[in-house]
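Residue strings, one per chain:
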Amino acid sequence: QGPQQPITISYTDKPQPITKGLEGWQTIKEELYNNIQILSGKALASGTQIVPPKAKKGEQLPPDAKPAEVTSVVAWINEYGPNKTKVFSTTIGHNTATVADPRYLDLITRGLLWATGHIDENGKAKDGYGK
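Cut-off values and rules
- Residues numbered from 1 in each chain as written.
- Predicted model: local features only at pLDDT ≥ 70, side-chain atom pairs only at ≥ 80, totals over all residues.
- Heavy atoms only, no water.
- Helix = DSSP H or I, 4+ residues; strand = E, 2+ residues; numbered from the N terminus.
- Contact = heavy atoms within 4.5 Å.
- Lys, Arg positive; Asp, Glu negative; His and termini not counted.
- Charge placed at Lys NZ, Arg CZ, Asp CG, Glu CD.
- Salt bridge = Lys/Arg side-chain N within 4 Å of Asp/Glu carboxyl O.
- Buried < 20%, exposed > 50% of the residue type's maximum accessible area, 1.4 Å probe, protein only.
- Core = buried A, V, L, I, M, F, W, Y, C linked by side-chain atoms within 4.5 Å.
- Polar contact = N/O pair within 3.5 Å; in protein donor to acceptor, adjacent residues only side chain to side chain.
- 1 Å grid on protein atoms, 1.4 Å probe; cavity = no way out; pocket = protein on both sides within 12 Å on 5 of 7 lines; lining within 4 Å.
- Points joined across faces, edges and corners; volume = space filled by probe spheres on them.
- Nonpolar A, V, L, I, M, F, W, Y, C, P; charged D, E, K, R; others polar.

Engineer: Could you give me a rundown of the overall build of the protein chain, with the residues and numbers involved?
Structural biologist: When helices and strands are tallied, the protein chain shows two helices and five strands. Taken from the N to the C terminus, the helices and strands of the protein chain come in the order β-β-β-β-β-α-α. Principal axes of the C-alpha set define a box for the protein chain whose edges measure 60 × 35 × 25 Å. Considering only contacts within the protein chain whose residues lie at least 6 apart along the sequence, 61% involve residues at least 24 apart. Side-chain charges of the protein chain comprise 15 positive and 13 negative groups, with the mean position of each set lying 2 Å from the other.

What follows is the structure, given as structure tokens:
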């Protein structure tokens, strides 16, 4: 996990119904988790965070220490097992302000609609499941 810094969210699979029409955005201070590997899933969004340099315990930062740009997958889907059970996952949403953000809520709502089969290929909720 990373420090509490803003995360720039970029949608990497724009044709997918969950992300179709969604625009990238930036969170408030959040933790960016390092997803080393997505085994059988499909990445939908990545997050990029600027991490300030940090000295090791008992050491000082060199004068030329620079922040690092770190990118990890922050949302993905999977169709698991012989029945192709749909699973939507995300690692963003640790802080109340992010969870209340309409952009976050759109992503979560669309992920839930996809996992339950209630979103069409254009990213619209099926009849009875939308506004």
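Read on for the rest.
Engineer: Lay out the pattern of salt bridges with the relevant residues and their values.
Structural biologist: All chains considered together, the criterion is met by two salt bridges. Between D13 and K42 there is a salt bridge, and its shortest N-O distance comes to 3.1 Å. Taken together, the positions of D13 in the loop between strand 1 (5-11) and strand 2 (25-30) and K42 in strand 3 (residues 42-51) put the pair 29 residues apart, joining distant regions of the chain. By relative accessible area, K42 is classed as partly exposed at 45%. Among the ionic pairs, R103 bridges to D101, the shortest N-O distance being 2.7 Å. For R103, a relative accessible area of 39% puts it in the partly exposed group. Classification of D101 by relative accessible area gives buried; the value is 13%.

Engineer: Could you give an account of the nonpolar core, naming the residues involved and the relevant values?
Structural biologist: I9, Y11, I18, F88, I92 and L107 are the most contacted members of the largest nonpolar core, which has 19 residues in total. Of all the elements in the fold, those that place two or more residues in this core are strand 1, strand 3, strand 4 (68-80) and helix 2 (102-115). The element contributing the most residues to this core is helix 2, with four residues. Beyond its immediate stretch of four places on either side in the chain, I9 contacts G24, W25, T27, A45, S46, G47, V74 and I92.

Engineer: For the side chain of E31, give the residues involved together with the corresponding values.
Structural biologist: Structurally, E31 is set in the loop between strand 2 and strand 3. Buried and without a salt bridge, E31 has K54 as its closest oppositely charged side chain, separated by 12 Å. In terms of polar contacts, E31 uses its side chain to reach the side chain of Q4, at 3.1 Å. Side-chain polar atoms of E31 contact the side chain of Y33, separated by 3.3 Å.

Engineer: Give a description of the layout of surface pockets that names residues and reports values.
Structural biologist: Roughly 290 Å³ of volume is contained in the largest pocket. Every residue along the wall of the largest pocket is listed here: L22, D106, T109, R110, L113, I119, G123, K124, A125, Y129, G130 and K131. Taken together, the residues that form the lining of the largest pocket break down as five nonpolar, three polar and four charged.

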